[in-house]
Amino acid sequence: MNYWQVQWVAYLTLVRKEVRRFMRIWVQTITPPAVNAVLYMIIFGGLIGTRIREVDGFAYMDYLVPGIIMMGIITNSYGNVVSSFFGSKLQKYVEELLVSPVSNFTILAGYVTGGVARGVTVGLVVTAVSFLFTSLKPEYPVLMVLIAILTSIMFSLGGFINAVFAQTFDECSIVPNFVLTPLTYLGGIFYSISMLPPLAQKLSLFNPVLYMINGFRFSILGVSDIPLWQSFAVIGIFIAILFTVALTLLNRGTGIKA
Amino acid sequence: MQALSIQNLTKTYDQDVQALRGINLDVAEGDFFALLGPNGAGKSTAIGIISSLVNKTSGSVQVFEHDLDKEPERIKASIGLVPQEFNFNSFDTVLNIVTNIAGYNGIGMRESRRRAEHYLTRLDLWEKRNTAARALSGGMKRRLMIARALVHEPRLLILDEPTAGVDIEIRRSMWEYLSSINSEEGITIMLTTHYLEEAEALCKNVAIIDHGDIIERGAVSELLSRSMQETFVLDIQDALHELPQVQPFLIRTCKDPLQIEVEVPKGHKINDLFDGLSSLGIAVNSMRNKSNRLEEFFVRLVNQSGGREELDTSVLQGTPAENGKNNTAT
């Protein structure tokens, strides 16, 4: 068996293990985002949204849905990798990978694919839930899937880097709580940045999540605060940077080798 | 061919802690080799480097003539590791833990399952295949780690204290199994253990490491032949009022008044001891080795090498270990 065959089988094994992990604890991994989505749609879309006029020509509930789906994708792809890889460090079974002929690229690819699988699964569940409140049909379905996957890849890489450095469970939750959640909430889930004062609009442009949410919203509604090419450019640049950092950390053995 | 060849291997951890100070070690293919040493001697660091869990500071490691720096994947594919600590996902099932490792080694699902069944059956774990690892007993967890290490059929199996905390029955069945895979399947085995009777019973060759240096190495039989004395515990008929003196034997009392401890220097017949005791009217009911011979040799060697001195050849000539609590007479 040649090198590439070994890597391919190892990759499939790692992905299977990751998917099995989050499916085994689906009550913790899949259900909460669905419940959260229902609450957001009822409270913001249903109760508050009825008092808000249209945004960019769409009912507020319809405007809200892409952002809520994307929020589930972002938090779950990040959370899956950070908890899975940190758990493997904590229980030391990351050593199973380190002593096996699995390349660092394959390890990273396996964990990231696991994160994408959970992010996309949650995205599908939240999308299904949203049909209870809206009857949206995506304008550009292929684009929708593409942006969802690329965003998942980006945040899975972020979760991996977080897990490499984390020494405690607290350190796994600092970034999601104090960085990811504010960026996501301020990234245009609930509003168009055109509704903000000029300074806030300019500051919002430094928030990478804005580009993902608007790209995704464009794929569903056909409207966006940001040109589509800029969304792809930002996602692409972040993926390239995070991938390089994550692979370098793995090659150095940071956090996993003495 | 050498299964393992280590040259000038050093490891310095943070704060200048030197775990390995330039060790050289060769393990021949097919050998059953013991790496012995007290806690903190550098055994696990050496094993960690060989199995890619620890980054070396300098030196070279070759496994079946593949260099660790140039062909790490080929080395990993030829090594099976049973580490000291349990390092599997305790929430995963026994079967998944074993088949995952097979998968990481490029073995497809069907073949992974076949091999998992083979090794789990041989190690008496197949009935537990759908049990979460956390529900296994300590002995079962040890056996699971051996099955996991063997599933990709490595040529070199490294076991870091594989029988720690395992009851004697399971330990002996594990010895039997390890001996069989060494002799029948030709798997080279490198073992660390604190049970020196284990090393004496299983291993052909041994190296002793202390303070990051290899202080002795050779065939077990050769090292034992250099051991200059054996200590026996004798059960005597009646309690003694004073210690007998039988030259050239060193006799000590034990806590039990109906036992004495005797050091028999190499080259002297134990019959002479019995004759001497008999002439003093001391009847001996039975006798046994106080500890196994390798253990005595090891303790003496490590005591002598304490600190950073090079091994003195006088160590090999056998200086009796003194026990301050005992009364001694020669």
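Scroll up to find the structure this text is about.
Here goes a summary of the coordinates provided. None of the values given here were measured: they were computed from a predicted structure.

### A closer look at the overall build of chain B
Now for step 1: The number of helices and strands found in chain B is ten helices and 15 strands.
Now for step 2: Over its C-alpha atoms, taken along the principal directions, chain B stretches across nearly 75 × 45 × 35 Å.
Now for step 3: The buried share of chain B, taken over its 330 residues, is 42%.
Now for step 4: Put simply, 68% of the contacts in chain B that link residues at least 6 apart link residues at least 24 apart.

### Quick word on the interface of chain B and chain A
Now for step 1: Counting residues at the interface gives 26 residues for chain B and 22 residues for chain A.
Now for step 2: Of all the elements in the fold, those that place two or more residues in the side of chain B that touches chain A are α2 (72-78), β6 (79-82) and α3 (94-104) of chain B.
Now for step 3: Among the elements that make up the side of chain B that touches chain A, the one with the highest residue count is α3(B) (four residues).
Now for step 4: Partitioned by chemical class, the residues of the side of chain B that touches chain A number eleven nonpolar, twelve polar and three charged.

### A look at the packing of helix α3 (residues 31-48) of chain A against helix α4 (residues 60-90) of chain A
Residue and element names in this part refer to chain A.
Now for step 1: Where α3 contacts α4, the axes come no closer than 10 Å and their chain directions differ by 155°. Put simply, α3 runs roughly antiparallel to α4. Crossing of α3 over α4 shows right-handed handedness. Residue-level contacts link Pro33, Ala37, Tyr40, Met41, Phe44, Gly45 and Gly46 of α3 to Tyr60, Met61, Leu64, Ile68, Gly72 and Asn76 of α4.
Now for step 2: Within the contact of α3 with α4, the residues separate by chemical class into nine nonpolar, four polar and no charged.

### Observations regarding the sheet that holds strand β2 (residues 17-28) of chain B
All names here are of chain B.
Now for step 1: Here we have four strands laid out as an open sheet, ordered β2-β1-β4-β5, and antiparallel in their pairing. Each edge of the open sheet carries a strand with a single partner, namely β2 and β5 (66-67).
Now for step 2: Looking at chain direction, strand β1 (residues 2-13) and β2 are connected through nine bridges and run antiparallel. Note on β2: the bridge partner recorded for Tyr13 is Val17.
Now for step 3: Along the sheet face, helix α1 (residues 43-50) touches β1, β2 and β4 (58-63) and points at about 115° away from the line of β1.

### A closer look at the sheet that holds strand β3 (residues 32-36) of chain B
Residues and elements named next belong to chain B.
Now for step 1: The mixed open sheet is built from six strands, whose spatial order is β6-β7-β8-β3-β9-β10. Edge positions in the open sheet fall to β6 and β10 (213-219), since each of these has one partner strand only. The mean angle between the axes of side-by-side strands here comes to 15°, regardless of whether they run parallel or antiparallel.
Now for step 2: Looking at chain direction, β3 and strand β8 (residues 188-192) are connected through three bridges and run parallel. Within β8, the position partnered with Phe33 by the bridge is Met190.
Now for step 3: Sheet contacts for α1: β3, β7 (156-160), β8 and β9 (205-210); angle to β7, the most-contacted strand, approximately 145°.

### Some words on the environment of A:Arg118
Residue and element names in this part refer to chain A.
Now for step 1: With respect to the helices and strands, the residue Arg118 is situated in helix α6 (residues 104-130).
Now for step 2: Looking at Arg118, the number of C-beta atoms within 10 Å reads 29, which means it is buried.
Now for step 3: Sequence separation between Arg118 and Ile73 is 45 residues, and the spatial gap between their C-alpha atoms is 7.9 Å.
Now for step 4: Those residues in contact with Arg118 that sit more than four places away from it in its chain are Phe22, Thr29, Asn76, Ser77 and Asn80.

### A look at helix α8 (residues 169-185) of chain A
Residues and elements named next belong to chain A.
Now for step 1: In this model α8 runs 23 Å from its N-terminal to its C-terminal C-alpha over 17 residues, within 8% of the 24 Å that 1.5 Å per residue would give.
Now for step 2: Considering bend angle alone, the principal kink of α8 is centred on Val179 and spans about 25°; proline Pro182 follows within four residues of it.
Now for step 3: Regarding α8, the residues found buried are Cys172, Pro176, Leu180 and Thr184.
Now for step 4: Residues of α8 that are buried make contact with α4, α7 (141-165) and α10 (208-221).

### Examining the nonpolar core
Now for step 1: In terms of nonpolar packing, the biggest core is built from 150 residues, with A:Ile68, A:Phe160, B:Val98, B:Ala147 and B:Ile158 touching the most fellow members.
Now for step 2: Among the elements that take part in this core, α4(A) stands out by supplying 15 residues, more than any other.
Now for step 3: Each of domain 1 (2-223) and domain 2 (228-329) of chain B contributes no fewer than three residues to this core.
Now for step 4: Look past the residues within four positions of A:Ile68 in its chain and what remains in contact with it is A:Ala37, A:Tyr40, A:Met41, A:Val126 and A:Ile189.

### Brief notes about the environment of B:Ala41
Residue and element names in this part refer to chain B.
Now for step 1: Among the secondary structure elements, Ala41 is positioned in the loop between β3 and α1.
Now for step 2: For the pair Ala41 and Asp213, spaced 172 residues apart in sequence, the C-alpha to C-alpha distance is 7.9 Å.
Now for step 3: With near-sequence residues (within four places) excluded, Ala41 lies in contact with Ile209, Asp210 and His211.

Conventions we followed
Residues numbered from 1 in each chain as written. Chains lettered and ligands numbered in written order. Predicted model: local features only at pLDDT ≥ 70, side-chain atom pairs only at ≥ 80, totals over all residues. Helix = DSSP H or I, 4+ residues; strand = E, 2+ residues; numbered from the N terminus. Buried ≥ 20, exposed ≤ 12 C-beta atoms within 10 Å, placed from the backbone. Contact = placed C-beta atoms within 7 Å. Nonpolar A, V, L, I, M, F, W, Y, C, P; charged D, E, K, R; others polar. Axes fitted to C-alpha atoms, helices over the stretch in contact; angles between N-to-C directions. Parallel < 35°, antiparallel > 145°, perpendicular 65-115°, else oblique. Left-handed = near helix turned anticlockwise from the far one by under 90°. Pairing = 2+ DSSP bridges. Expected span 1.5 Å × (residues − 1). Bend = angle between axes of the 7 residues up to and from the residue. Core = buried A, V, L, I, M, F, W, Y, C linked by C-beta atoms within 7 Å. Domains from an automatic or database assignment.

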